[in-house]
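For reference, the chains in residue letters:
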Amino acid sequence: MNTTRTIQDEILKLKKEHDILILAHAYQSQDILEVADYTGDSYGLSLKAQSASQKTILMCGVRFMAETVKILSPHKKVLLSHPQAGCPMAEQISIQELAALKQTYPGYTVAAYINTTSELKTLCDVCVTSSSAVKIIQKLDNKNILFIPDCNLGAWVAKQVPEKNIQLVKGGCPAHASISVSQAKQAKLLHPDAKLLVHPECLPEVSSLADYAGSTTGIIDYAKNSTDSAFIIGTENSIIEHLQFACPDKQFYPLSPDCICSNMKLTTLIDVWHCVQGSGGEEIVLPADVMEHARRCIDTMLALGA
């Protein structure tokens, strides 16, 4: 009979035999993180793939993340752990809609959150992550910025970079955007000694109540390094489990029981097993011109010090 441990052991054996690098986004389940070579935020993982010796990369995450890996490592075979694992935010704006926005805001620098499709990145000037967005926007020469697609992250950036004229569009992460101010206030009442840590994909009114707002990695690092012992976590709830494993002497509470990424949850440990066996997942194939043009906005981000 198979168990979590026996499947994990088989994955560890097969990935070594087949020379496969396993990347797991932080929103994956704990059993998957335990067999990954690297875990973390999507862009950081794509950089790990770029510098790795393995020629096959398995991304346990969602489609735009696997596309970013392919863009930065075009000569490597890139697999997405579950073919149906997409991202609602990444798909909120079409190529046609962005082209129309660029006509509406001529002369604006188009800044794309990393959570966008490869096709959409081809029309953008610079890419940003939740951890680099403020720094990158500050360094842009242009005062006028069109920020896509997350208006909550964009508003968080705009508050910190008031010298820029940042135009937002309606879009964002449904899971984070569903967290309400009343939930944040209630959580603080229930756990008055806990620090509130939130992702800036949350509503600005929620982020304003936080003791810390930042990327997933930033939230994890804050909780690990803090001398405080209790935290309310305002991001995808799998982070609570990971922090419980990392810091068993601390207490972690969900800001919202509904902050769950259903697309991330599609990938199971058995899916990973099938991928390293060669019978699962989907190989990411992108047109050469899409990879070339999408990479430009990523390279601009790198040039600006992301």
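Residues numbered from 1 in each chain as written. Predicted model: local features only at pLDDT ≥ 70, side-chain atom pairs only at ≥ 80, totals over all residues. Heavy atoms only, no water.

**A few points about the sheet that holds strand β9 (residues 195-198)**
Here we have 4 strands laid out as an open sheet, ordered β10-β9-β11-β12, and parallel in their pairing. With one partner strand each, in any of the chains shown, β10 (212-213) and β12 (251-254) form the two edges of the open sheet. Of the pairings in the sheet, the one linking β9 to β10 comprises 2 bridges and is parallel in character. Pairing of Val198 across the sheet is with Ala213, part of β10. (Pairing = 2+ DSSP bridges. Helix = DSSP H or I, 4+ residues; strand = E, 2+ residues; numbered from the N terminus.)

**A word on unusual backbone geometry**
Excluding glycine, residues mostly have negative phi values, and the peptide bonds linking residues are mostly trans. Residue Pro149 is reached from Ile148 by a cis peptide bond, and omega for that bond is -10°. Tracing the backbone shows Pro149 in the loop between β7 (144-148) and α8 (151-160). If you check the backbone angles, Asp19 has positive phi at about 55° while not being a glycine. Here Asp19 is to be found in the loop between α1 (4-17) and β1 (20-25).

**Some words on the layout of surface pockets**
Once rolled over the atoms, a probe with the size of a water molecule shows which space is left empty. Here the largest pocket is characterised by a volume of approximately 440 Å³. The set of elements that each furnish at least two residues to the lining of the largest pocket consists of α3 (42-51), α4 (63-72) and α9 (174-177). In terms of residue class, the lining of the largest pocket is built from 17 nonpolar, 14 polar and 3 charged. Taken together, Ala26, Gln30, Leu33, Thr39, Gly40, Thr217, Ile220, Asp221, Lys224, His242, Leu243 and Ala246 make up the full set of residues lining the second largest pocket. Mapped by element, the contributors of at least two residues to the lining of the second largest pocket are α2 (30-33), β2 (38-40), α12 (216-225) and α13 (238-246). (1 Å grid on protein atoms, 1.4 Å probe; cavity = no way out; pocket = protein on both sides within 12 Å on 5 of 7 lines; lining within 4 Å. Points joined across faces, edges and corners; volume = space filled by probe spheres on them. Nonpolar A, V, L, I, M, F, W, Y, C, P; charged D, E, K, R; others polar.)

**Section: the pairing of β9**
Bridge count between β9 and strand β11 (residues 230-234): 4 bridges; the pairing is parallel. Bridging across to β11, Leu197 finds its partner in Ile233.

**A few points about the sheet that holds strand β5 (residues 109-113)**
Pairing within the open sheet is parallel, and its 4 strands lie in the order β6-β5-β7-β8. With one partner strand each, in any of the chains shown, β6 (126-128) and β8 (165-168) form the two edges of the open sheet. This sheet shows a mean twist of 30° between the axes of neighbouring strands, independent of strand direction. Sheet analysis places β5 next to β7, joined by 4 bridges and oriented parallel. Each residue of the ladder has a partner; that of Ala112, found in β7, is Ile148. Along the sheet, α8 makes contact with β5, β7 and β8, crossing β8 at roughly 170°. (Axes fitted to C-alpha atoms, helices over the stretch in contact; angles between N-to-C directions. Contact = heavy atoms within 4.5 Å.)

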